[in-house]
Amino acid sequence: MSCTSAIYAANTTTQAVPANTQTTINFGQVVRAFGPYTRLSGGNVTVRGAGYYIVDTNFSVSTVEASAGVTIQLYKDGVAIPGAAATFTTAANSGRSDSIPLMIRETCCKESTITATITSTVAATVTNAAILIKKV
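Residues numbered from 1 in each chain as written. Predicted model: local features only at pLDDT ≥ 70, side-chain atom pairs only at ≥ 80, totals over all residues. Heavy atoms only, no water.

Let us look at the environment of Cys 109. Looking at the secondary structure, you find Cys 109 in the loop between β10 (94-106) and β11 (111-120). The exposure class of Cys 109 is exposed, given its relative accessible area of 76%. (Helix = DSSP H or I, 4+ residues; strand = E, 2+ residues; numbered from the N terminus. Buried < 20%, exposed > 50% of the residue type's maximum accessible area, 1.4 Å probe, protein only.)

Here is the structure:
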């Protein structure tokens, strides 16, 4: 299987997440990219061109308080992508990494934006956010 376009973007800069506030996660900057169907725009990834796109994301989150409830959700054009979420509890002064794989479909003559948000019951930090999207 080959792909006609791909992008890999990452942000290793710490992103603060206030308690009980939905915060958009910034995917940082392009590490590798080729083809005309994927690009980074304002910390989010846009896809264009009819077809299917395989998406793999990875997030590292840390908190200083125990029993923090953390939820990460991915969206396509502001609509939650079914199954593209991770919910977990962290221990005090610890971190956790989670991957969220998914597939989206893009229709003809349209451009969509893929975003991710995080909500935590206590203050948290995102220490890594990475996304890989391949048009197949």
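With respect to the helices, strands and loops of the structure, Thr 46 is situated in strand β6 (residues 44-48). Sequence-distant contacts of Thr 46, that is, excluding residues within four places in its chain, are made with Tyr 37, Thr 38, Arg 39, Ser 41, Glu 111, Ser 112 and Thr 113. (Contact = heavy atoms within 4.5 Å.)

Take the confidence of the model for the protein chain next. A low pLDDT means the predicted coordinates there should not be read in detail. With 99% of its residues at a pLDDT of 70 or more, the protein chain has an overall mean of 93. Taking the mean pLDDT of every element in the protein chain, the minimum, 93, falls on β10 and the maximum, 98, on strand β3 (residues 23-24). (pLDDT = per-residue confidence, 0-100.)

Below, the discussion takes up the packing of aromatic side chains. Under the criterion given, the structure shown has one aromatic pair. Measuring from centroid to centroid gives 6.0 Å for Phe 27 and Phe 59, while their planes differ by 45 degrees, and the two rings are tilted. Residue Phe 27 is located in the loop between β3 and β4 (29-34), and its partner Phe 59 is located in strand β7 (residues 51-63); the two are separated by 32 residues in the primary sequence. On the basis of relative accessible area, Phe 27 is assigned to the buried category, the value being 0%. Taking relative accessible area as the criterion, Phe 59 reaches 1% and is therefore assigned buried. Directly above the aromatic system of Tyr 37 lies the positively charged group of Lys 135, at a separation of 4.8 Å from the ring centroid. (Phe/Tyr/Trp six-rings, centres within 6.5 Å; stacked < 30°, edge-to-face > 60°. Lys NZ or Arg CZ within 6 Å of the ring centre and 35° of its normal.)

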